Amino acid sequence: MTKYKLEYIWLDGYKPVPNLRGKTQIKEFDTFPTLEQLPLWGFDGSSTMQAEGRSSDCVLKPVAIYPDPARTNGALVMCEVMMPDGVTPHPTNARATILDDEGTWFGFEQEYFFYQNGRPLGFPEHGYPAPQGPYYTGVGYSNVGDVAREIVEEHLDLCLAAGINHEGINAEVAKGQWEFQIFGKGSKRAADEIWMARYLLQRLTEKYGIDIEYHCKPLGDTDWNGSGMHCNFSTKYMREVGGKAYFEALMAAFEKNLMEHIDVYGPDNDKRLTGKHETAPWNKFSYGVADRGASIRVPHSFIKNDYKGYLEDRRPNSQGDPYQIASIVLKTIAEVPTS
Ligand code: ADP
Ligand code: MN
Ligand code: MN
Ligand code: MN
Ligand code: MN
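Let me begin by describing the structure that accompanies this report.

Calculation criteria
Residues numbered from 1 in each chain as written. Chains lettered and ligands numbered in written order. Predicted model: local features only at pLDDT ≥ 70, side-chain atom pairs only at ≥ 80, totals over all residues. Heavy atoms only, no water. Pairing = 2+ DSSP bridges. Helix = DSSP H or I, 4+ residues; strand = E, 2+ residues; numbered from the N terminus. Axes fitted to C-alpha atoms, helices over the stretch in contact; angles between N-to-C directions. Parallel < 35°, antiparallel > 145°, perpendicular 65-115°, else oblique. Left-handed = near helix turned anticlockwise from the far one by under 90°. Contact = heavy atoms within 4.5 Å. Nonpolar A, V, L, I, M, F, W, Y, C, P; charged D, E, K, R; others polar. Donors = N, O, S within 2.8 Å, 3.2 Å for Na, K, Ca; no water. Buried < 20%, exposed > 50% of the residue type's maximum accessible area, 1.4 Å probe, protein only.

Looking at the pairing of strand β4 (residues 57-67)
Argument step 1. As paired strands, strand β3 (residues 41-44) and β4 are joined by 4 bridges and run antiparallel to one another. By the bridge assignment, F43 is partnered in β4 with C58.
Argument step 2. Alignment of β4 against strand β5 (residues 74-82), held across 8 bridges, turns out to be antiparallel. Considered in β5, the bridge of V59 is made with M82.

This is the structure in structure tokens:
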């Protein structure tokens, strides 16, 4: 028997966006445990905005497990928060609101800033560095600094070793801003892995004295880019049947549900979706072929392939909860009849 360090990780009840929480329990197993072998566990919900003080127990239900590459005999355990009965999802449990996940594919592009001493990593103590231009996919000390790439590489290796399905990484448009992409067959899988990758990034940067700034417009109303989390999505029907009429009906449903989407696409998105910096205004739905200034970008391949394939909703921001984002996307898709 081996003693495993099981890090149970969940989302708290903070609004408008939840924070990651985690705590460790030690359990003995013969070999690396499967999800089915992991027990339910509990925590004090009154400390996480998930319960009142008097009856504060919440239940953690394991839903995904990954080896923890940074810990000897460690496991990272993604959990859903349940009511004390262990079967009713807690109101803050957005993962449980994802209904039909069968055959869905999701790819999220997570952008973020490294922050140190209240400003992006690599910014001078006063004022600003040279304007945007060379930083996006850049190389060299003046463009990416002396430590960012080291962290990004270490994070990528941790994620791959944990089995997270990264598709790529790149330096972004603003100094100190980076991106990683995660793809999953099943929106829950993709969203679990985004949260786990965020967890690994935040834990990794503790030792560097660096924070991850997920706010979508940390530099306010300046010429510095904000951060998004584009949501690329497809269903089996979109990939295999599709067609122009279905696509137009789908876009009409997205337009009708504009506010329901914006509500969960991340806080302060009106400051980011201004119509500038490759964004569409937050309060007006639009779509366009290869158009990075539209709410939804339709890839060239989609049109060439008789309106089959995936679409990119460019509105979700870097601070958004991928569970809530996937949930509303699939809800709107479900409103459109397939025939
Ligand atoms: P860009 O920055 O040009 O928007 P990226 O390469 O950063 O492009 O991101 C594209 C995303 O689209 C990737 O996360 C990828 O996994 C995702 N993707 C590709 N094909 C599909 C598909 N059929 N269904 C859902 N997502 C997809
Ligand atoms: Mn205790
Ligand atoms: Mn990208
Ligand atoms: Mn990007
Ligand atoms: Mn994109």
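Continuing now.
Looking at the packing of helix α5 (residues 244-256) against helix α9 (residues 322-335)
Argument step 1. The geometry of α5 relative to α9 is characterised by a closest axis approach of 9 Å and an angle of 125 degrees between their N-to-C directions. Put simply, α5 runs oblique to α9. In terms of crossing hand, the pair formed by α5 and α9 is right-handed. In this structure, α5 uses Y246, L250, A253, F254 and K256 to contact α9, whose residues at the interface are V329, T332, I333 and E335.
Argument step 2. For the contact of α5 with α9, the per-class residue count stands at 6 nonpolar, 1 polar and 2 charged.

Things to note about the coordination of the manganese ion (ligand 3)
Argument step 1. Here the manganese ion (ligand 3) is held by E109 (OE) and E179 (OE), and the distances to it run 2.1 to 2.3 Å.
Argument step 2. Between the manganese ion (ligand 3) and the manganese ion (ligand 4), a separation of 3.8 Å is found, and both are coordinated by E179. Separated by 70 residues along the polypeptide, E109 in strand β6 (residues 105-116) and E179 in strand β9 (residues 177-185) bring together distant segments of the chain.
Argument step 3. Given a relative accessible area of 16%, E109 falls into the buried group.
Argument step 4. The class for E179 is buried, based on a relative accessible area of 5%.

Focus: the pairing of β5
Argument step 1. β5 sits mainly inside the fold: 9 of its 9 residues count as buried.
Argument step 2. Burial along β5 is two-sided: the residues G74, L76, M78, E80 and M82 and A75, V77, C79 and V81 are all buried.
Argument step 3. Note: strand β1 (residues 2-11) against β5, 5 bridges, orientation parallel. By the bridge assignment for β5, E7 is matched with L76.
Argument step 4. Counted along the chain from β4 to the antiparallel partner β5, the turn is 6 residues long, and its residue N73 has a positive phi close to 50 degrees.

Geometric descriptors of this kind do not, in isolation, establish any biological role.
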